[in-house]
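The residues making up each chain are set out below.
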4 protein chains.
Amino acid sequence: MSTLQGYTVPRTPSGRASLVPPPPWHYVGDFLVVDFHADPDAAASLLPEGLEPHPDAGRCAAVFADWQSYSEGGDELLDPARSHYKEFYLVVNALLDGEPVTTCPFIWVDQDFALVRGWLQGFPKKLGDVWVTRTYDLETRAAPAVAAGSRFGGVCTARGNRIAQARVTLEAPSETGSVHTDPPIVNVRHFPRLAAGRHDDPQVHELVRSRSRDRAVSPVWEGAAELELFDAPGEEHTLLRPVAVDRGYRFTFGYTVDDLETVKELVR
Amino acid sequence: MSTLQGYTVPRTPSGRASLVPPPPWHYVGDFLVVDFHADPDAAASLLPEGLEPHPDAGRCAAVFADWQSYSEGGDELLDPARSHYKEFYLVVNALLDGEPVTTCPFIWVDQDFALVRGWLQGFPKKLGDVWVTRTYDLETRAAPAVAAGSRFGGVCTARGNRIAQARVTLEAPSETGSVHTDPPIVNVRHFPRLAAGRHDDPQVHELVRSRSRDRAVSPVWEGAAELELFDAPGEEHTLLRPVAVDRGYRFTFGYTVDDLETVKELVR
Amino acid sequence: MSTLQGYTVPRTPSGRASLVPPPPWHYVGDFLVVDFHADPDAAASLLPEGLEPHPDAGRCAAVFADWQSYSEGGDELLDPARSHYKEFYLVVNALLDGEPVTTCPFIWVDQDFALVRGWLQGFPKKLGDVWVTRTYDLETRAAPAVAAGSRFGGVCTARGNRIAQARVTLEAPSETGSVHTDPPIVNVRHFPRLAAGRHDDPQVHELVRSRSRDRAVSPVWEGAAELELFDAPGEEHTLLRPVAVDRGYRFTFGYTVDDLETVKELVR
Amino acid sequence: MSTLQGYTVPRTPSGRASLVPPPPWHYVGDFLVVDFHADPDAAASLLPEGLEPHPDAGRCAAVFADWQSYSEGGDELLDPARSHYKEFYLVVNALLDGEPVTTCPFIWVDQDFALVRGWLQGFPKKLGDVWVTRTYDLETRAAPAVAAGSRFGGVCTARGNRIAQARVTLEAPSETGSVHTDPPIVNVRHFPRLAAGRHDDPQVHELVRSRSRDRAVSPVWEGAAELELFDAPGEEHTLLRPVAVDRGYRFTFGYTVDDLETVKELVR
């Protein structure tokens, strides 16, 4: 019997080399969100088995997040090369057994541990570079305040191709926050099989919902928004190119992820 | 029923956004290899269930590879940001049912598609940066020839920490090639479970061997070698720190991977 | 006569491709600073012509800065890939005509525009990667508050080698701030000559002091500090390896740079 | 008098931390070149003072180079993170005192030492990522041979924006090689002044020509070519967008740069 330990590979006798330490994982991030509508058929075409289109057809959101995270048993906060990361993702709204949910068809992130930790939660992450205008806790002209008239930009690129770009001009505190990202997110955990003749029969294929706690959110500001998605080789996120751009939102959000529940086992 | 396609996530109606296109995958790479011996107990401690220690206790190799690859249905060679990558890995020699094999406990690579394609084949990849002295098809002082006296260097870093460094001085064509990398490689495909209370029960956990064909290799040169492995936060490859450094090798190798066979299902 | 415009190369008819737009440049950054003492002889050996050793022999500081900046005529804040950057640098304390000053012998930064903008101000920048623990404007366990007991880490790497690492545990608001970074900074602008036989006769070689305005600083917190500098190929910052580590500081700072004054023309 | 040494900053008592070691510099690289014609007025508008338009109006070339280099006194070849780099550049053909020359208005490179070494020779380098299809010294389907029908791709991106892309299909050995890159290259060394009120009066501003020796070139192959230049924020290379794409070329080239001669001092 092997004595190898570790939540993920690489596995060793101590388990300390694991790319992702075991949960709980604690997160906090600055968010720039743009609610928008895509072509309804395109949005529906990206829903995994088990989800139905949302009645507000084509409802989507684009999210830029500037994260810091650590694992409960870990020391990542003091070695910030292992705690900082930024990501960009799109969500599509849907129904699961008649209840509103969101699901993430496309996402890019700038660190390996976050890429794999995402795969484990059903986020289909690729590597990308993400940049978002920052605030600082000082009155200065080199950073926007969280205040009316302030402008924030976000950009995502992957393998040297621009993927997405957004701009939000804050107007006022938001009463609702981003409606398009409000429902719980359900994703597909998927790990393909490489065995001969069975490449179409994934070894892991299930609809899941993360279980989290200690959710906290700052006041949310909203305002006018712009959003563009760009074609790139090997990418298909422009299926969700906006047909209408709704409001933009800026806030800070933190939570802890413990584990997940499997909503449905999916067939091929 | 969902109509989403794609060998890996992200999955779409066309399947074209998949981070890794389906096999066959065609590869060619320049290799700098250093055969060495690690502490026998340390080497044995890293063997997965199903493998027994090799009688030449502690037999290992360090490999720097400068790759180009593409998928049979893909166009990566003409968009070389999707075909080039470099990696560094260590192998430990072992026995599987009495037959010599190798297994890879640690590996770093510089592209996302190669990281995930590695996980699918049981290589426990993390992101890293790898550099290897190149040859050029021109007589010049700015590149070594494949000839006696030529010196090649390799270096691997990850998240800003030096992981490994090697130097090889070519002496003559090699009669044997690298003995320590000669046996077939068997690895552990591993994908953890995140469901509540079952983090110790991986969803995929199996010993596998890739099935390949069309293997080609250039003449192999060998010579004196140096190898150093360096401690780094969150890494444990220095368990295999050399106790004796054997010969170094330089060659070019190409092959095609079609799929794999599962050697053993592993229990937890 | 050419009609090419631009503060730096590349120069074009419009001037818009210039790697660095013309000043004024507006900056804001989060700072993690460690005051320390190096070997007095080593510190003195790094002083450029025109500066004398400080009476508090070996007085130095290490600075991690997480910046956002833009040019007065530019739009960098809305394309944050052109406004964000992080850097790590060391300063040595000295006297200029009997008055206390600091000077920067070593600095690493993660963006090209910041590298060149630094050279123009006399900062001897190389590329590196810098990470610093962040705060967020939300009470959360995933980020330290600016409060007693909070711990912050900083790390700098360059070309895959760890350069420096620091940790600061906040204790209380600081009455003095960082004494070792308080004096004005004077640096050497240097641009070598490549003309035959004159490689030792730099074309630009002058001691300069930036002229800035609108300086603002947040409350400064201080506490116990750790600092390590690491050897790396092609680097010599470990000349300043700490012989005593003093206090650490955390604050946010903003200012505007307009231009500079030449303090002294230096001979070879 | 200061005892600081070093061809560039950072300068130290030993001079070993210099970002660029002193020349001679030895180079070898694989080249993918596309001769093309741009709009004649646009090409002429980018010529520095001292150069006149070439009679073949709008004659330009695009060059992807995959380099390895070292400094005569240095050990970069054995620490290949300091010897490898890739770059993409454009040249415009012109006349200098009636003789054909080329000049480089735009160039991107992926390493800091190469960026600064370029500035010293008058190349207006910015950071970018460059990828070029590789050959290997092995018959394999994963790499093109230097032979009729082989296809090579090149791509340059900068700060996440695609800058340029080329494809060349080899047809036959070339009798002429790339005519558009054949003349000697003259560039503008430029280092701006930051002193108050004199931002328009560069401190270094001169037309220069590198002095090199030991030039070697492999057989050159040529074939049909495609070339695209893409708009990006803060970039103006699309001024040279092709109006006609001529032939493409593939070869290996090596040389040694010793120093330069100043062709003309330029006024503002």
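Presented here is a report on the structure given in the accompanying data block. Residue numbering note: each chain is counted from 1, following its sequence as written. Going through the entries in the order they are written, you letter the chains from A and number the ligands from 1. Residue-level local features of this predicted model are given only where pLDDT is at least 70; pairs of side-chain atoms are given and counted only at 80 or more, and the full residue set underlies all totals for whole chains, interfaces and linings. Only hydrogens and water are removed before side-chain values are computed, so all heavy atoms of the structure are retained for them.

A few words on the interface of chain A and chain D. What makes two residues a contact is simply this: any of their non-hydrogen atoms within 4.5 Å. Facing 6 residues of chain A, the contacting portion of chain D comprises 6 residues. Computed with a 1.4 Å rolling probe, the buried area is the accessible surface lost when two parts are put together, summed over both parts. Summed over both sides, the interface between chain A and chain D buries roughly 480 Å², with carbon and sulfur atoms accounting for 37% of that surface. The rule for a salt bridge is simple: a side-chain nitrogen of Lys or Arg has to be within 4 Å of a carboxyl oxygen of Asp or Glu. Counting every contact that joins chain A to chain D gives 0 salt bridges. Polar contacts, as used here, are pairs of N or O atoms within 3.5 Å; protein pairs need one atom able to donate a hydrogen and one able to accept it. Residues neighboring in sequence count only if both atoms are side-chain atoms. Counting the contacts that link chain A with chain D gives 4 residue pairs in polar contact (both at pLDDT 80 or more). The residue inventory of the side of chain A that touches chain D, partitioned by class, reads 1 nonpolar, 3 polar and 2 charged. Residue polarity is assigned by list, with Asp, Glu, Lys and Arg as charged and Ala, Val, Leu, Ile, Met, Phe, Trp, Tyr, Cys and Pro as nonpolar; anything else, Gly included, falls into the polar class.

Residues and elements named next belong to chain B. In this text, helices come from DSSP runs of H or I with a minimum length of four residues, and strands from runs of E with a minimum of two, each type numbered from the N-terminal end. Relative to the elements of secondary structure, Arg-209 occurs in strand β11 (residues 204–217). By relative accessible area, Arg-209 is classed as partly exposed at 25%. Placed 110 residues apart in sequence, Arg-209 and Glu-99 show a C-alpha to C-alpha distance of 13 Å. Leave out the neighbours within four places in its chain, and Arg-209 touches Leu-96, Pro-184, Ile-185, Val-186, Leu-260, Glu-261 and Val-263. Only protein chains enter the accessibility calculation, which uses a 1.4 Å probe. A residue is then buried if its area is under 20% of the maximum for its type, exposed if over 50%, and partly exposed in between.

Attention now moves to helix α2 (residues 112–121) of chain B. Think of an α-helix as turning once every 3.6 residues; residues three or four places apart then point the same way. Residues and elements named next belong to chain B. With 10 of 10 residues buried, α2 lies mostly within the body of the structure. For α2, the complete set of buried residues consists of Asp-112, Phe-113, Ala-114, Leu-115, Val-116, Arg-117, Gly-118, Trp-119, Leu-120 and Gln-121. Of the residues one or two after α2, Gly-122 is the one with positive phi, at around 90°.

At the interface, 65 residues of chain A touch 65 residues of chain B. Ranking the residues of chain A by area buried against chain B places A:Arg159, A:Phe191 and A:Leu194 at the top, with a combined share of 14%. Between chain A and chain B we count 2 salt bridges in total. Here A:Asp112 and B:Arg159 are joined by a salt bridge, their closest N and O atoms 2.3 Å apart. There are 28 residue pairs in polar contact (both at pLDDT 80 or more) connecting chain A and chain B. Counting only elements with at least two residues in the side of chain A that touches chain B, the list comes to β5 (99–109), α2 (112–121), β6 (125–127), β10 (186–191), β11 (204–217) and β13 (242–265) of chain A. Considering every element that reaches the side of chain A that touches chain B, the biggest residue donor is α2(A), with 7 residues. When the residues that make up the side of chain A that touches chain B are grouped by side-chain class, the tally is 32 nonpolar, 16 polar and 17 charged.

Before going further, it helps to examine the pairing of strand β4 (residues 84–96) of chain B. Residue and element names in this part refer to chain B. Burial analysis of β4 places 13 of its 13 residues in the buried class, which makes it a mostly covered element. Here β4 shows two buried faces, one formed by His-84, Lys-86, Phe-88, Leu-90, Val-92, Ala-94 and Leu-96 and the other by Tyr-85, Glu-87, Tyr-89, Val-91, Asn-93 and Leu-95. Should DSSP find at least two bridges between two strands, the strands are taken to pair. By the bridge criterion, 2 bridges tie strand β2 (residues 52–53) to β4 in an arrangement that is antiparallel. Along β4, the bridge assignment pairs Glu-52 with Leu-95. Here 9 bridges tie strand β3 (residues 59–71) to β4, and the two strands are oriented antiparallel to one another. Bridge pairing links Ala-61 to Val-91 in β4. Two strands pair when backbone bridges link them, and β4 and strand β5 (residues 99–109) are joined in this way by 9 bridges, in the antiparallel orientation.

Turning to the pattern of salt bridges, a few remarks are in order. Using the criterion set out here, one finds 92 salt bridges over all chains in the structure. C:Arg82 is the salt-bridge partner of C:Asp75, the closest N and O atoms lying 3.0 Å from each other. With relative accessibility at 41%, the residue C:Asp75 sits in the partly exposed group. What emerges from the salt-bridge pattern is a single network uniting A:Asp30, A:Asp66, A:Arg250 and C:Arg134.

In this section: the relation of the copies chain A and chain D. Put simply, the two copies of the chain differ by a rotation about an axis and a shift along that axis. Take chain A, turn it by 180°, move it 0.0 Å along the axis, and it overlays chain D with an RMSD of 0.0 Å. What the superposition gives is, in effect, a two-fold axis relating one chain to the other. Nearest to the rotation axis, the C-alpha of A:Gly160 is located 2.1 Å from it, this being the minimum over chain A. By residue overlap, the copies meet face to face through one surface: 100% of the interface positions of chain A are interface positions in chain D. A residue counts toward the fit only if its pLDDT is at least 70 in both copies, and the copies are then superposed by least squares on the C-alpha atoms of those residues.

Note on the copies: chain A fits chain B at an RMSD of 0.0 Å, the axial shift is 0.0 Å, and the rotation between them is 180°. Here 100% of the contact residues of chain A are again contact residues in chain B; the copies associate through an equivalent surface.

Glancing now at the packing of helix α2 (residues 112–121) of chain C against helix α2 (residues 112–121) of chain D. The axes used here are C-alpha line fits, helices contributing only the stretch in contact, and every angle between their N-to-C directions lies in the interval 0 to 180 degrees. Look at α2(C) against α2(D): their axes get within 12 Å of each other, and the N-to-C directions meet at 50°. In terms of axis orientation, α2(C) runs oblique to α2(D). Once α2(C) is placed against α2(D), the crossing between them reads as right-handed. Taken together, the residues of α2(D) that come into contact with α2(C) (itself represented by C:Asp112, C:Leu115, C:Val116 and C:Trp119) are D:Asp112, D:Leu115, D:Val116 and D:Trp119. For the contact of α2(C) with α2(D), the per-class residue count stands at 6 nonpolar, no polar and 2 charged. Here is the rule for angles: anything less than 35 degrees is roughly parallel, anything more than 145 is roughly antiparallel, 65 through 115 is roughly perpendicular, and the remaining ranges are oblique. Each helix crossing is assigned a hand: it is left-handed if the near helix lies turned anticlockwise from the far helix by less than a right angle, otherwise right-handed if that turn is clockwise.

So, about unusual backbone geometry. For the peptide bond that leads from B:Pro23 to B:Pro24, omega is 5°, which places it in the cis range. Within the secondary structure, B:Pro24 sits in the segment before β1 (25–38). Although it is not a glycine, D:Arg159 sits at a positive phi angle of roughly 50°. As for its position among the elements, D:Arg159 is in the loop between β8 (151–158) and β9 (161–173).

A separate point is the state of the cysteines. Two cysteine sulfur atoms make up a disulfide if the distance between them is within 2.5 Å. Tallied over the entire structure, the rule returns 0 disulfides over all chains. Counting only cysteine sulfurs, A:Cys104 is the nearest neighbor of A:Cys60, a cysteine outside any disulfide, at a range of 11 Å.

A separate point is the packing of aromatic side chains. Paired rings are identified among Phe, Tyr and Trp, the last through its six-membered ring, by centres lying within 6.5 Å, and are further divided according to the angle between planes into stacked (under 30 degrees), edge-to-face (over 60) and tilted (the rest). Summed over all chains, the structure comprises 58 aromatic pairs over all chains. Ring geometry for A:Trp67 against A:Tyr255: centres 6.5 Å apart, planes inclined by 25°, an arrangement best described as stacked. Taken together, the residues span a long stretch of sequence, with A:Trp67 in strand β3 (residues 59–71) and A:Tyr255 in strand β13 at a distance of 188 residues. On the accessibility criterion, A:Tyr255 (17% relative accessible area) is buried. Note on D:Phe31 and D:Phe253: the rings are 5.9 Å apart at their centroids and 85° apart in plane angle, and the pair reads as edge-to-face. Taken together, the positions of D:Phe31 in strand β1 (residues 25–38) and D:Phe253 in strand β13 (residues 242–265) put the pair 222 residues apart, joining distant regions of the chain. Cluster of aromatic residues (ring-pair linked, three or more members): A:Tyr27, A:Phe31, A:Trp67, A:Tyr85, A:Phe113, A:Phe251, A:Phe253 and A:Tyr255. A positively charged side chain is recorded as over a ring if its NZ (Lys) or CZ (Arg) lies within 6 Å of the ring centre. The angle to the ring normal must also be within 35 degrees. When the ring centre of A:Phe123 is taken as reference, the NZ or CZ atom of A:Lys125 above it lies at 5.9 Å.

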